[in-house]
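One letter stands for each residue in the lines below.
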Amino acid sequence: MIKPRSAIARIGVGLAIVAGLSMGAPAASFAQEEFDTSQVSSISQSADAGIATCKNNKDTDFAFQCSGTSATGYRSKHDSSSVYIWIMGYSGKPLRLYVDGAYDNRGTGNMNCTQGVYRSNHEHEWEIYNLVRENKRSHARLTAWAESGYGTVYGKWSPDCWGHFNKLPS
């Protein structure tokens, strides 16, 4: 049996099994099957509750050139996923990267919500673990600190990570 890779496909298979449908049956036989649609509706509602929505996964550019601290603006964070970062280039000393959380886009109640240590000297697509939503914050920003001298890094980021990438190394 081929296992569906996406959560949506798994839900579809689960609904078909609960409804008594065979995944191998021709499409014409689906129309002939009779089942209680209220059961399917309740199953899809409870199944949707466990899926991360990743609503704010639009990549935006960032560029840090600093010997101190620099940060992006706050963006709305909709789920408890990692922050996505694509480091496209860097030079100088590695910058330490953080994820700050806040109650709004003005930075009210801001706090460092980073889980782990991350440095900017690794080109590729990565995840940065954080606890923004777990700390009751609704907005996130990417922050850089030059812990050992002047450095630059640029790329793209989004508050909600769609997909899975390796953790950005330290």
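Refer to the structure printed above.
Residues numbered from 1 in each chain as written. Predicted model: local features only at pLDDT ≥ 70, side-chain atom pairs only at ≥ 80, totals over all residues. Heavy atoms only, no water.

1. A closer look at the overall build of the protein chain
The line we're drawing: Comment: elements are numbered from the N terminus, with helices defined as DSSP H or I runs of at least four residues and strands as E runs of at least two. For every residue, the accessible area (1.4 Å probe, protein chains only) is compared with the maximum for its type, and the residue is labelled buried under 20%, exposed over 50%, or partly exposed between those bounds. Note on definitions: a residue-residue contact is assigned when non-hydrogen atoms from the two residues lie within 4.5 Å. Using the Shrake-Rupley algorithm and a 1.4 Å probe, accessible areas are obtained, with residue cover drawn only from the displayed protein chains.
For the protein chain, the helix and strand inventory stands at three helices and nine strands. Along the protein chain, helices (α) and strands (β) appear in the sequence α-α-α-β-β-β-β-β-β-β-β-β when read from the amino end. For the protein chain, buried positions account for 36% of its 170 residues. Sequence-distant contacts, at least 24 apart, represent 79% of the contacts inside the protein chain between residues at least 6 apart. As displayed, the protein chain has an accessible area near 9,800 Å², and 52% of this comes from carbon and sulfur atoms.

2. Concerning the sheet that holds strand β7 (residues 124-128)
Selection rule: Should DSSP find at least two bridges between two strands, the strands are regarded as paired. Only the contacting stretch of a helix is used when fitting its axis, a line to C-alpha atoms as for every element, and angles between N-to-C directions run 0 to 180 degrees.
Strand order in the open sheet formed by four strands is β1-β9-β4-β7, with antiparallel pairing between adjacent strands. In the strand order of this sheet, the two ends are held by β1 (60-66) and β7, each with one partner. For this sheet the average axis-to-axis angle between neighbouring strands, irrespective of direction, equals 30°. As paired elements, strand β4 (residues 83-92) and β7 share five bridges and run antiparallel to each other. Bridging from a neighbouring strand, Tyr 84 pairs with Glu 127 of β7.

3. Brief notes about the pattern of salt bridges
This is how it is decided: Only one rule defines a salt bridge in this text: a Lys or Arg side-chain nitrogen within 4 Å of an Asp or Glu carboxyl oxygen.
Applying the stated criterion across every chain, the model contains seven salt bridges. The residue Arg 141 makes a salt bridge to Asp 100 at a minimum N-O spacing of 3.0 Å. Of this pair, Arg 141 sits in strand β8 (residues 139-145) while Asp 100 sits in strand β5 (residues 96-102), placing them 41 residues apart in sequence. Judged by relative accessible area, which is 9%, Asp 100 ranks as buried. We note a salt bridge from Arg 106 to Asp 104, for which the minimum N-O separation is 3.1 Å.

4. Focus: the nonpolar core
The nonpolar side chains of soluble globular proteins are, as a tendency, buried together. Put simply, the rule reads: We define the nonpolar core as a collection of buried residues of types Ala, Val, Leu, Ile, Met, Phe, Trp, Tyr and Cys that are connected through side-chain atoms lying within 4.5 Å of one another.
One finds Phe 64, Ile 85, Leu 97 and Ile 128 to be the most contacted residues of the largest nonpolar core, which totals 21 residues. For this core, the secondary-structure elements that each account for two or more residues are β1, β4, β5, β7, β8 and β9 (151-158).

5. Some thoughts on the packing of aromatic side chains
The criterion, for reference: Think of it this way: a Phe, Tyr or Trp ring, Trp meaning its six-membered ring, pairs with another when their centres are within 6.5 Å, and the plane angle makes it stacked under 30 degrees, edge-to-face over 60, tilted otherwise.
In the structure shown here, the tally under the stated rule is two aromatic pairs. Here Phe 62 and Phe 64 contribute two aromatic rings whose centre-to-centre distance is 5.4 Å and whose plane-to-plane angle is 40°, an arrangement assigned as tilted. Under the relative-accessibility criterion, Phe 64 is labelled buried at 2%. Aromatic side chains Tyr 84 and Phe 165 sit 5.1 Å apart centroid to centroid with 55° between the ring planes, which places their arrangement in the tilted category. Here the residue Tyr 84 occupies a position in strand β4, and Phe 165 occupies one in the segment after β9, the gap between them amounting to 81 residues. Classification of Tyr 84 by relative accessible area gives buried; the value is 6%.

Limitation: the analysis is restricted to geometry and does not speak to function.
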